[in-house]
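Coordinate inspection notes
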Amino acid sequence: MVTLTVVLDKPDKRYQAGETIEAKIYISVFEPFNARSLSVRFLGVAFTEWTVSKTISQSGTTRHVQQKFVGYEEYFKDDHYFFGGDEAPIKEILPGSYDYEATFTLPKTLPTSFDHTLGHIRYEVQVTYDVPWEENYKCSEPFHVTSVLDLNMFPNLKEPIKAMEQKTFCCWCCTTDPLDIITILPKRGFVPGQNIPVTIEIDNNSNVRIDYVYLQLQERLTFQTNRPDNDVKVEQEMIKDHMFDTPVAPYQNKLFHVNLYVDPLYQWKIFPGCEIIKCDYVLKAVAGVSGCHMNPENQLSVTIGTVPFLGDERSPNDLPSYQEITAGDDPPKFEDLKNL
C-alpha cells in the first residue's frame, strides 16, 4: 500500500499567472512493490463538452441519436522524473517514507481557473508511480490560477467610445423623424473597484414617448468544441442593471448618467489565450417606447482587467449623476469626453 500527498507552498493554493509554484511530495510505502518511474506533472488545460440530439433518416427509417462534441486546449504540461522514465528498468521500492520537491513557473499568459456545466479551465499537480502490469499509484492536487491582464498593454481601451442606434416609427403611411439612443464611455478598460461611468443620450425627434431607459451590464460566455466538429454554445447573465424612470417626451432630448460599480467580490472571468471558452462584458442600453413599437437598443463592449491604466487616479464619481442633469442641458460632445 502507498499513500501520496502533495503540499503546495501557498495554503490557499491560489497563484497568479507568472508566479512560481513550489510543491512538496510526501510518500509513505507500507509494502514493497516494483515501479518503472516516479514523476510529477504540472498541467493546465481547458475542456468543453456537450451532446446534441440529431435525427437521422436512412432506408425509410428514422432514429434519434446523441452526438457528443468535445473541445480541448493544453496550456502547459511539464513533466519531471524523480527516478526512471518511460523505458527505464524496473526498480524495487522498499517500505519507508520518501520526500521530494518540485517547482514550476507558470506562463505569464493564462486564463483564470473556471468551472461550468459546459466546460472548465483547470490546473493541477499530478504525482505518479508507474507500476508495470498493475494499476499505477497516483494522486493530484488542484490549484487556482488568476489571470493578469494589464490594461496598459492595450492603449486603445483608454480611448472614448460611443454606440448609436437610430430608429423611426411608422404610423399608417407616415414615418416619424428618428429617435437616437447614444451610449458614451470615456474609456473601455476598467478593473475591479472602479466605476464604469455611462452616459446615455436620448435625442427624441419622433412623436413617440419614451417611458424609461434601461441599462444592463451583461456577461456573455461562449463555449466552443473542436472534435468531431466545431460547435458553439452561448450563455448570458445580467451582472448589474439600472433603470432610469424619467420619461422622454416627443421632440425632447435628455441626458442620463450612472456609475456602474465593478465589484471586486464578483468572480470576473478573464480568459486570455483561451480559444474554446471566451467571456465578454457588454453594456446594453434600451429605450422603452410607448405603444406597439420595438424598443431601440445599442451595445458596447468593455474589458475588465487586473492592472489599471497608469495615472488612472481620477475617481469616476467626480462625474455628475443623472439626477443632476436636467432636460434643458445640452448633451456633452463626444470629443469633450477625451478630456475627462
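Residues numbered from 1 in each chain as written. Predicted model: local features only at pLDDT ≥ 70, side-chain atom pairs only at ≥ 80, totals over all residues. Heavy atoms only, no water.

What to know about the overall build of the chain
Secondary structure assignment for the chain yields zero helices and 22 strands. For 340 residues, the compact-globule estimate of 2.2 N^0.38 gives 20 Å, and the chain exceeds it by more than 25% at 28 Å. By principal-axis analysis of the C-alpha atoms, the chain measures approximately 90 × 70 × 25 Å. Within the chain, buried positions represent 43% of all 340 residues. Expressed as a percentage of contacts within the chain between residues at least 6 apart in sequence, the contacts between residues at least 24 apart total 72%. Accessible surface for the chain amounts to roughly 18400 Å². Of this, 48% is attributable to carbon and sulfur atoms. Distance between charge centres in the chain, computed from 31 positive and 48 negative side chains, equals 3 Å. (Helix = DSSP H or I, 4+ residues; strand = E, 2+ residues; numbered from the N terminus. Rg over C-alpha atoms; globule rule 2.2 N^0.38 Å. Buried < 20%, exposed > 50% of the residue type's maximum accessible area, 1.4 Å probe, protein only. Contact = heavy atoms within 4.5 Å. Areas by Shrake-Rupley, 256 points an atom, 1.4 Å probe, with all protein chains shown as cover. Lys, Arg positive; Asp, Glu negative; His and termini not counted. Charge placed at Lys NZ, Arg CZ, Asp CG, Glu CD.)

Overview of unusual backbone geometry
Note that the residue after Arg 227, namely Pro 228, is joined by a cis bond; omega there is -5°. Tracing the chain through its elements places Pro 228 in the loop between strand 18 (210-225) and strand 19 (231-244). Here the phi dihedral of Trp 133 falls at roughly 65°; this positive angle occurs in a residue that is not glycine. By secondary structure assignment, the location of Trp 133 is in the loop between strand 10 (119-130) and strand 11 (137-146). By relative accessible area, Trp 133 is classed as exposed at 79%. Positive phi values are uncommon outside glycine, yet Tyr 251 reaches one of about 60°. Take Tyr 251: it is sitting in the loop between strand 19 and strand 20 (252-261). Assessed through its relative accessible area of 60%, Tyr 251 is described here as exposed.

Examining the sheet that holds strand 8 (residues 96-105)
Taken together, the three strands give an open sheet; going across it, the order is 1-3-8, and neighbouring strands pair in antiparallel fashion. Every interior strand has two partners, whereas the edge strands, strand 1 (2-8) and strand 8, have only one. On average, each strand axis in the sheet is tilted by 20° relative to the strand beside it, whichever way the strands run. Relative to strand 3 (residues 20-29), strand 1 runs antiparallel, the two being bridged by seven bridges. Following the sheet pairing, Val 7 is matched in strand 3 by Lys 24. (Pairing = 2+ DSSP bridges. Axes fitted to C-alpha atoms, helices over the stretch in contact; angles between N-to-C directions.)

Considering the packing of aromatic side chains
Summed over all chains, the structure comprises 14 aromatic pairs. Judged by centre distance (5.2 Å) and plane angle (20°), the rings of Phe 42 and Phe 104 are stacked. With a gap of 62 residues between them, Phe 42 in strand 5 (residues 37-58) and Phe 104 in strand 8 connect regions that are remote in the sequence. Neither Phe 42 nor Phe 104 differs from the other in exposure class; each is buried. Measuring from ring centre to ring centre gives 5.8 Å for Phe 76 and Tyr 123, while their planes differ by 20°; the resulting arrangement is stacked. With Phe 76 in strand 6 (residues 61-84) and Tyr 123 in strand 10, this pair connects stretches of sequence that are 47 residues apart. Under the relative-accessibility criterion, Phe 76 is labelled buried at 7%. (Phe/Tyr/Trp six-rings, centres within 6.5 Å; stacked < 30°, edge-to-face > 60°.)

Some remarks on the pattern of salt bridges
Inspection of every chain in the model, using the stated rule, returns ten salt bridges. One salt bridge connects Lys 278 with Glu 275, and the closest N-O pair in it is separated by 3.5 Å. (Salt bridge = Lys/Arg side-chain N within 4 Å of Asp/Glu carboxyl O.)

Considering the sheet that holds strand 22 (residues 297-304)
Strand order in the open sheet formed by five strands is 16-22-21-18-19, and the pairing between neighbours is mixed. The sheet is open, and its two borders are formed by strand 16 (189-190) and strand 19, each paired with just one other strand. Here strand 18 pairs with strand 21 (residues 277-289) via 13 bridges, running antiparallel. Paired with Ile 210 across the strands is Val 289, a residue of strand 21.

What about the nonpolar core?
Counting residues in each nonpolar core, the largest one holds 77 residues, and the members touching the most others are Tyr 129, Phe 143, Ile 196, Ile 200 and Ile 202. For this core, the element with the most residues is strand 21, which contributes seven residues. Apart from residues lying up to four places away in sequence, Ile 200 is in contact with Ile 181, Ile 182, Thr 183, Val 213, Leu 215, Phe 244, Lys 254, Leu 255, Phe 256 and Ala 285. (Core = buried A, V, L, I, M, F, W, Y, C linked by side-chain atoms within 4.5 Å.)

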